[in-house]
Amino acid sequence: MFRRSAARCRRLKLWLTVITAVLALAAVASSLLAYTYQRRIMEASRYNTTFDFGQTAAELMRLQLALEESRGEGSIEEVRFRYAILVNRLSIVTINRVDPKSAQGKVLGSLQREVLALAPLIAQLPDPTMLTLTIDQLRPFVGPVLRLAGQAHSQASNEIQSNQNWLIVIFAAICCVTLSLVLFGAGLMVVVLRQNAHLDRIVRTDWLTGIANRFAFSHALRQGEGEDQTMILLDVDHFKTLNDTFGHAAGDKLLIELSQRLRWACGDAAMIARIGGDEFAVLYRGSDAEARSIACCERILEQVRSPFDIEDRQVRSHVTLGLSSGGAGLHQGTCLFKHADIALYEAKAAGRNRFVVFRPEMNQHLGRRQALQNGMREAIARGEFFLLFQPIVDLSTGLTCGFEALLRWQHHELGLISPVEFIPVAEESGQIAMVGLWVIEEACRQAARFPTETFVAVNVSADQLVDPLLVQHTTASLARHGLEPERLEIEITESTLIENDERALAVLHALRAMGCRISLDDFGTGYASLSYLRRFPFDKIKIDQSFLRSRSHREEGIAIIAGTCDLARRLNLTIVAEGVETEEHRQIVASAGSHQGQGYLFDRPLSPEASLARIEAEARRTSARPKPEREQGPAEALMAMI
Ligand code: C2E
Ligand code: CA
Ligand code: CA
């Protein structure tokens, strides 16, 4: 549609340009023509042959008169003088002004010849015979020369008249051409201006959603630097996962629908823009900008609560928002962007699906983040990382069947840091592979101290799965600490698989072929749980703790847990319920069919020593610790049946 109208506009512009150019050429040509005719008129009036012929006739008559008078008292000298003038005049007229082949040229030519032939007669004057002879010879020429003068006069006025007529026509043509030139020129200007305005709109508009783009937003921010402004930075939660799961067309549709919802939610904003793939920005201006934008953030969160209708599917998606305000001042725009970004990061770290208003102390958080990023390599060398082990309990016996290794960082300056804070920093800065290798090595080292039937699960991030050293390093760590591969579990989330896809699957297959177990962590929080269960033969799934924790959707959560357990049983997968905090939780997950449980009810993450003590205490309680039946993977279960 846009291309067609652009092509039409281009064609119109081309035509108008050609016509205007032709008209301009015509205007120049007709002006030159007018100049030529004007010169002709001037020349016709300046070098009038009428004058020449009239003068010739007058000189001829004066010579005749002088000849007549010389019969009486007239002087011969006067005759000779008049004769010389006539000869001179004739030579001027015949040489310069008259075509010798024309009728006038012929008359004047024969007069000139006759006059020149009179020279010997004039020399014999005042001989009366010569005088009479001279007068008689000149007489026949008087009439024709007078007629020539009359004719030349009318011819000259005819020429002037005709040239003037042509000049009128040419001037009329010039008027028409000029008028057309003005009209077409104006048309061309209108088209060019419209095209420029159109291009300007394109440059400032996001091609997908039709709202403003980053360029327009930055421009608006700069323009408003003289007044109070507030900007909201919005990011779609897990957009990449959604995009990879449902395809890019679905991702695009979500962005389009989201931009429409933003229009409703931010009707009073100065600008709404899409400034990146899944990043939007909203600008508010005025003294109450911050209050209005906070209200807007609430409306946005409300708007995205209802699912998006995409390709006959109801897709739930959330957004996270960062908000920053700034008073009038130079570089306000740059600061607003930076601060909104920091606030957005804080909102993401706080669990997404919320908005956070920037506060100056958040700058310190940024500094902290940078300190974490810069200190990670050193932290390994200094021995600042350590693992805690959270028990995973067999729900049928209540005994510990394994542990999840959870990483901690005892920073030499910042104190104890949660993985929730530093794992994303490690992932963003590309250091997770290095940290992950340390975790596997340490988990194997500690697991070797536990009883042989106890497994240890480690969390593996997406980027680790594409690390070519992972399989090699894991094999080496297992061998180094004499750990059976079956005792090492690799926990991955759905997004890990979605993001890395084929390469990640290949690495997982390699790890599984070695004997390691693979479990799907945080099950139910992504989009593609079921499809990924088909794509990879997992040994275990861990139902995310959010289903137990949600108070508002308690019944829904319980139903999902029950459904997931049912599905996992059919697929012969071991099920772990996460976040078991209370006895009620334990009962819910146990009756739903979960085999194992993990949560504060059983224990918080423990030091390796405390973990060992726990196992030993359990062993003391039960003289013979039964091997947890459900801990068997599908392959083992099959073998047992045989
Ligand atoms: P996760 O894999 O889902 O780990 C479970 C988290 O839930 C742990 O938090 C654990 O302390 C917490 N938790 C366990 N039981 C309960 C409970 O009953 N109630 C509540 N409210 N929470 C419970 P933690 O240790 O802070 O770890 C957070 C996340 O950090 C982990 O989530 C995991 O995604 C990541 N993480 C931890 N260690 C590593 C690691 O070595 N490598 C990678 N890549 N990620 C790690
Ligand atoms: Ca985990
Ligand atoms: Ca988990």
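To be clear, the structure that these remarks concern was listed above.
This report concerns the structure included in the present document. (Residues numbered from 1 in each chain as written. Chains lettered and ligands numbered in written order. Predicted model: local features only at pLDDT ≥ 70, side-chain atom pairs only at ≥ 80, totals over all residues. Heavy atoms only, no water.)

1. Topic: the side chain of Arg261
Let me state the cut-off plainly: Counting from the N terminus, the helices are the DSSP runs of H or I reaching at least four residues and the strands are the DSSP runs of E reaching at least two. With a 1.4 Å probe rolled over the protein chains alone, any residue whose accessible area is under 20% of its type maximum counts as buried; one over 50% counts as exposed, and the rest are partly exposed. Under the rule applied, a polar contact is a pair of N or O atoms within 3.5 Å (in protein, one hydrogen donor and one hydrogen acceptor; residues adjacent in sequence only if both atoms are side-chain atoms). Contacts: residue pairs with any heavy atoms within 4.5 Å of one another.
Along the chain, Arg261 turns up in helix H9 (residues 248-265). Taking relative accessible area as the criterion, Arg261 reaches 6% and is therefore assigned buried. A distance of 2.8 Å separates a polar atom in the side chain of Arg261 from the backbone oxygen of Ser306. Ignoring anything within four residues of it in the chain, the contact list for Arg261 reads Gln303, Val304, Ser306, Pro307 and Phe308.

2. Some thoughts on the coordination of the calcium ion (ligand 2)
How we decide: Only N, O and S atoms count as donors, using a 2.8 Å limit from the metal and a wider 3.2 Å limit for Na, K and Ca, and since water is excluded some coordination spheres may look unfilled.
Listed as protein donors to the calcium ion (ligand 2) are Glu404 (OE), Asn459 (OD1), Glu491 (OE) and Asp521 (OD); their distances from the metal cover 2.2 to 2.3 Å. Sequence positions of the donors to the calcium ion (ligand 2) reduce to the motif E-x54-N-x31-E-x29-D. Between the calcium ion (ligand 2) and the calcium ion (ligand 3) the interatomic distance amounts to 3.8 Å, and Asp521 serves as a bridging ligand to the pair. Of this pair, Glu404 sits in strand E10 (residues 400-411) while Asp521 sits in strand E14 (residues 517-523); the two residues are 117 residues apart in sequence, bridging distant segments of the chain.

3. So, the pairing of E14
Inclusion rule: In this description, strands pair whenever DSSP reports at least two bridges between them.
Across the seven residues of E14, six count as buried, placing the element largely inside the fold. Bridge count between strand E13 (residues 488-493) and E14: five bridges; the pairing is parallel. Bridge pairing in E14 links Glu491 to Ser519. By the bridge criterion, three bridges tie E14 to strand E15 (residues 540-543) in an arrangement that is parallel. In the strand pairing of E15, Phe523 is matched with Ile543.

4. Here's the deal with the nonpolar core
The criterion, for reference: To form a nonpolar core, buried Ala, Val, Leu, Ile, Met, Phe, Trp, Tyr and Cys residues must be joined to one another through side-chain atoms within 4.5 Å.
Of all hydrophobic cores here, the largest spans 68 residues; its most connected members are Met376, Val458, Ile490 and Phe538. No other element matches helix H14 (residues 432-447), which puts nine residues into this core. Core analysis: the second largest hydrophobic core is formed by 32 residues, Ile211, Leu234, Val282 and Ile300 among them.

5. Things to note about the packing of aromatic side chains
This is how it is decided: Each pair of aromatic rings taken from Phe, Tyr and Trp, with Trp reduced to its six-membered ring, is defined by centres within 6.5 Å and is described as stacked if the planes are under 30 degrees apart, edge-to-face if over 60, and tilted in the remaining cases.
Applying the stated rule across the entire model yields 10 aromatic pairs. Consider the rings of Phe385 and Phe422, whose centres lie 5.6 Å apart with planes at 45°: the pair is tilted. Taken together, the positions of Phe385 in strand E9 (residues 385-394) and Phe422 in helix H13 (residues 419-428) put the pair 37 residues apart, joining distant regions of the chain. With respect to burial, Phe385 and Phe422 carry one shared label: buried.

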